[in-house]
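# Breakdown of the fold
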Amino acid sequence: MLLAAAGLVMVYSASIAIAESSRFTGNNSAWYLTRHAVFLTAALCAAIVVFLVPARMWQKAAPWLFLVAVALLVAVLFPGIGREVNGARRWLDLKVLTLQPSELMKLAVVLYASDYTVRKHAVLKSFKRGLLPMLGVMLLVSWLLLREPDFGALVVIAVTTFAILFLGGMNGRHFVALVGMLGAGFALLVLSSPYRMQRIFGFLDPWADPLGRGYQLSHALIAFGRGELLGVGLGASVEKLHYLPEAHTDFLLAVLAEELGLAGVALVIGLFAWIVARAFAIARQAALHDRHFAALAAQGIGVWIGFQALINMGVNMGLLPTKGLTLPLMSYGGSGLLANFVALAILLRIDWENRQLARGLNA
């Protein structure tokens, strides 16, 4: 809730300039704030409903939810259904709202991989019977994501899936080989795409072409530099005034760094680290009660949110190549907020069931 509240404030601060100067928003400075508040309210309502659903129901529904997510990834590729923005077709145009299927796939793949690992635990160390079927499924999902293209979502989904398999007892040699294959595959994808190559070179030296391929990163670094220890003050960012692209989505942390300084950034990092630590603590308690699906799902949620936050922060700070990934719970966007809040509601449900079981044993 602290991250979501801070995100609401920062989305408003980062979006004022672009909202006031856009005919699309009717020159309304609070346009993005209003929509983000609606998204946040809807996500909270969804989380309350999801919290009431027992964890075992999510295990039963996991394969069907995964199939629905795959169907949505297919649907987004069809003209007239999928909406194209800046050369990427990642959104479903539902007239009253747009839906980003890759965000829902992140949640679906956590539940599906957890269920798969539990069902296949006896043969998980076998490459042919344990790992190969999941590899086939992930290749399909990867192909669909690359068709959009959404390389950032692919990286998050792949890392989350194989982290769950590893935590569930996957063969160590298979895991090492798989990490090598994933690394080689990602390198090949970068080398085969001039656009991705430009991003890599821009990341290595953004100042070599600050008005071209290094534009976003150079302005993000300027924002961090201006923020210093305590920031220039809430609302006083200069970089959000049409200098830093995607200030209210991908580069929200840079605006936060400029306005709230190192102190604000450290607080955000600490809150995300706490969520990940709590997710793994909840998973450990679930495992003690032999609730293996719940344990893996909790770990998967922690890996997903923590890893995506890590990538977004790394991009903003110039530690990683520029990638179109939002900051979980904070950046503007309805699909991401909905997926994050539903995932955390499932995590809270797992924790609540752990506590109920612990009370029963103590009684």
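A few points on the structure. Every value quoted in this text rests on a predicted model; they were computed, and no experiment measured them.

What follows deals with the overall build of the chain. Across its full length, the chain carries 12 helices and 3 strands. Here the chain has a C-alpha radius of gyration of 21 Å; the compact-globule value for 363 residues is 21 Å, and the two agree. Overall size of the chain, expressed as C-alpha extent along the three principal axes, is 55 × 50 × 40 Å. Across the 363 residues that make up the chain, the buried fraction comes to 48%. Sequence-distant contacts in the chain: of pairs separated by 6 or more residues, those separated by 24 or more amount to 70%. Carbon and sulfur atoms make up 68% of the accessible area of the chain, which amounts to about 17000 Å² in all. Measuring between centres, the 28 positive side-chain charges of the chain sit 12 Å from its 18 negative side-chain charges.

Once that is clear, we can look at the packing of aromatic side chains. Enumeration over the complete set of coordinates arrives at 7 aromatic pairs. With 5.1 Å between their ring centres and 65° between their planes, F24 and W31 make a pair best called edge-to-face. Take F24: its relative accessible area is 58%, and that puts it in the exposed class. For W31, a relative accessible area of 19% translates into the label buried.

The sheet built from 3 strands is open, its strands ordered β1-β2-β3 with antiparallel pairing. For this open sheet the edge positions go to β1 (82–85) and β3 (98–99), each flanked by a neighbour on one side alone. Of the strand pairs in this sheet, strand β2 (residues 88–93) and β3 are connected by 2 bridges, and their pairing is antiparallel. Residue pairing in the sheet places D93 in a bridge with T98 of β3.

Let us look at a nonpolar patch on the surface. Together, V9, L234 and L260 make up an exposed nonpolar region whose accessible area comes to about 240 Å². As for its position among the elements, V9 is in helix α1 (residues 2–20). Note on V9: relative accessible area 41%, which makes it partly exposed.

This brings us to the nonpolar core. M105, F272, I346 and I350 are the most contacted members of the largest nonpolar core, which totals 97 residues. Per-element tally for this core: the top contributor is helix α10 (residues 252–288), with 14 residues. In this structure I346 touches V50, W58, L107, L111 and I301, once residues within four positions along its chain are discounted.

The tally for this structure, following the rule as stated, stands at 7 salt bridges. Across the pair D115 and R119 runs a salt bridge, and its minimum N-O distance is 2.9 Å. With D115 and R119 both in helix α4 (residues 101–119) and 4 residues apart, the pair spans about one turn of that helix. According to the relative accessible area criterion, D115 is buried, its value standing at 4%. Judged by its relative accessible area of 47%, R119 falls in the partly exposed class. With a closest N to O distance of 2.3 Å, R226 and E258 form a salt bridge. Here E258 lies in helix α10 and R226 lies in helix α9 (residues 215–227), a separation of 32 residues in the sequence. One network of salt bridges, with partners in common, ties together R291, R349 and E353.

In the case of a regular strand, side chains alternate between the two sheet surfaces. Pairing geometry for β1 and β2, over 4 bridges, is antiparallel. Pairing of G82 across the sheet is with L92, part of β2. The turn linking β1 back onto β2 is made up of 2 residues, and N86 within it adopts a positive phi angle of 55°.

Take T249: it is sitting in the loop between α9 and α10. Each residue touching T249, except ones within four places of it in the same chain, is listed here: S331 and Y332.

Between its terminal C-alpha atoms helix α11 (residues 292–317) stretches 37 Å, which fits the 38 Å expected from 26 residues at 1.5 Å a residue. Of all the 26 residues making up α11, 22 are buried; the element is thus mostly covered by neighbouring parts of the structure.

Attention now moves to unusual backbone geometry. The linkage connecting E148 with the following residue, P149, adopts the cis geometry, with an omega of -5°. Secondary-structure assignment places P149 in the loop between α5 (127–147) and α6 (151–167). Phi at E228 is positive, roughly 50°, even though this residue is not glycine. With respect to the helices and strands, the residue E228 is situated in the loop between α9 and α10.

Analysis parameters
- Residues numbered from 1 in each chain as written.
- Predicted model: local features only at pLDDT ≥ 70, side-chain atom pairs only at ≥ 80, totals over all residues.
- Heavy atoms only, no water.
- Helix = DSSP H or I, 4+ residues; strand = E, 2+ residues; numbered from the N terminus.
- Rg over C-alpha atoms; globule rule 2.2 N^0.38 Å.
- Buried < 20%, exposed > 50% of the residue type's maximum accessible area, 1.4 Å probe, protein only.
- Contact = heavy atoms within 4.5 Å.
- Areas by Shrake-Rupley, 256 points an atom, 1.4 Å probe, with all protein chains shown as cover.
- Lys, Arg positive; Asp, Glu negative; His and termini not counted.
- Charge placed at Lys NZ, Arg CZ, Asp CG, Glu CD.
- Phe/Tyr/Trp six-rings, centres within 6.5 Å; stacked < 30°, edge-to-face > 60°.
- Pairing = 2+ DSSP bridges.
- Patch = residues over 30% accessible without salt bridge, like charges linked within 9 Å, V, L, I, M, F, W, Y side chains within 5 Å.
- Salt bridge = Lys/Arg side-chain N within 4 Å of Asp/Glu carboxyl O.
- Core = buried A, V, L, I, M, F, W, Y, C linked by side-chain atoms within 4.5 Å.
- Expected span 1.5 Å × (residues − 1).

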